[in-house]
Amino acid sequence: MAEYLTTRELADLLRIGERKAYDLASSGEIPCVRAMGKLLFPRAEVVAWLNASRSGPQVADPPLPPIVAGSHDPLLDWALRESGSGLATYYDGSFDGLERLKSRSAQAAALHIHEDDGFNTRALRDALGEAPVVLIEIASRQRGLLLAPGTKGISGFADLKNRQVVLRQHSAASQRLFEAQLATHGLTHDDLAALPACARTEEELAIALHDSKAEAGFGLGALAGLYGLDFVSTHEERFDLAIWRRAFFEPPMQNLITFLRSNRFATRAEELGGYDLTGLGQIHHNGASG
């Protein structure tokens, strides 16, 4: 979603003619900038201007359920319990988490969506625009090929042809990245001996490999040591938590955020391995409207 609106896009948004849009800009009634002889309108400021212009009674938003949806992560899952946050979880992948965040059936979603110019931000804006959602970094993680004990001859994606592989569901960002990597190496699902059932979480994938139900899977390096697996690192990804702003300041989420900054959390991340907390707490998006 573009950060700036053209005059035509503004007119379409407000359902007015372009001439009226020019008049609003000329009179200074609506936020705008002039660049290269053109009028541009900051989307976030236009939304804020619209909200400030509303009349009538203020209708309270329905309460947000105390649920964190999105991608499963063993470190965050541990922190949700240890912090005493009281937040429940519903893990079914980053893209499912975005949908639940949008429908307000969750107050937060854990995301690790790989984008051409970074992580998560564009997907969040595409799903929710400039809604009052905060995107806060949790960690940088190592992702790659997890290998069952004793597996030989797999050092990269090209080696997966005809090998037994455990997959994730399509709503998982890791599965979509995995499919893109297969395509890059000239492979499709038909070239794999994939298990009939997918793993719904990162831990389910690791357990399947630990039990030698498959030879390889695309998962987190942090789970290799826990389940006695070999690991071939292929990607580093940013793992974020997208949170509705009004939930961000409520005690359950504040308990979690406080715990994430604790020494206990840092120690646990080091014990698991595969995490870098250098960017912990950095805000990568802060929705303007609300």
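Before reading on, note that the structure itself is shown above.
Residues numbered from 1 in each chain as written. Predicted model: local features only at pLDDT ≥ 70, side-chain atom pairs only at ≥ 80, totals over all residues. Heavy atoms only, no water.

## Focus: the sheet that holds strand E3 (residues 38-42)
Point 1. What the 3 strands build is an open sheet, ordered E1-E3-E2; its pairing is antiparallel. Each of the sheet's edge strands pairs with one partner strand only, and the pair in question is strand E1 (4-5) and strand E2 (33-35).
Point 2. Summarising the sheet, E1 and E3 pair through 2 bridges and their orientation is antiparallel. Each residue of the ladder has a partner; that of tyrosine 4, found in E3, is proline 42. (Pairing = 2+ DSSP bridges. Helix = DSSP H or I, 4+ residues; strand = E, 2+ residues; numbered from the N terminus.)

## Some thoughts on the pairing of strand E4 (residues 67-70)
Point 1. Sheet topology note: the E4/strand E5 (residues 88-91) ladder contains 4 bridges and is parallel. In the strand pairing of E5, glycine 70 is matched with tyrosine 91.
Point 2. Regarding topology, helix H4 (residues 74-82) serves as the crossover connection from E4 to the parallel E5, and that connection is right-handed.
Point 3. Across 3 bridges, E4 lies against strand E6 (residues 108-111) in parallel orientation. In the strand pairing of E6, alanine 69 is matched with alanine 109. (Right-handed = clockwise from strand over helix to strand, strands pointing away.)

## Some thoughts on the packing of aromatic side chains
The relation between two aromatic rings is expressed through the spacing of the ring centres and the mutual angle of the planes.
Point 1. Evaluation of the coordinates by the stated rule reveals 5 aromatic pairs.
Point 2. The aromatic ring of phenylalanine 218 is capped on one face by arginine 143, whose charged end is 5.6 Å from the ring centroid.
Point 3. Directly above the aromatic system of phenylalanine 95 lies the positively charged group of arginine 176, at a separation of 3.7 Å from the ring centroid. (Phe/Tyr/Trp six-rings, centres within 6.5 Å; stacked < 30°, edge-to-face > 60°. Lys NZ or Arg CZ within 6 Å of the ring centre and 35° of its normal.)

## Here's the deal with the pattern of salt bridges
Point 1. Under the definition given, this model contains 17 salt bridges.
Point 2. For arginine 8, the salt bridge identified is with aspartate 12, shortest N-O distance 2.9 Å. Taken as a pair, arginine 8 and aspartate 12 lie in helix H1 (residues 7-14) at a separation of 4 residues, close to a single helical turn.
Point 3. Taking relative accessible area as the criterion, arginine 8 reaches 38% and is therefore assigned partly exposed.
Point 4. Exposure remark for aspartate 12: the relative accessible area of 46% places this residue in the partly exposed category.
Point 5. Arginine 8 is paired through a salt bridge with glutamate 18; the nearest N and O atoms lie 2.7 Å apart. Of the two residues, arginine 8 is situated in helix H1 and glutamate 18 in helix H2 (residues 18-26); the sequence distance between them amounts to 10 residues.
Point 6. The class for glutamate 18 is partly exposed, based on a relative accessible area of 30%.
Point 7. The network of salt bridges with shared partners includes Asp73, Arg141, Arg143, Arg168, Glu202 and Glu237. (Salt bridge = Lys/Arg side-chain N within 4 Å of Asp/Glu carboxyl O. Buried < 20%, exposed > 50% of the residue type's maximum accessible area, 1.4 Å probe, protein only.)

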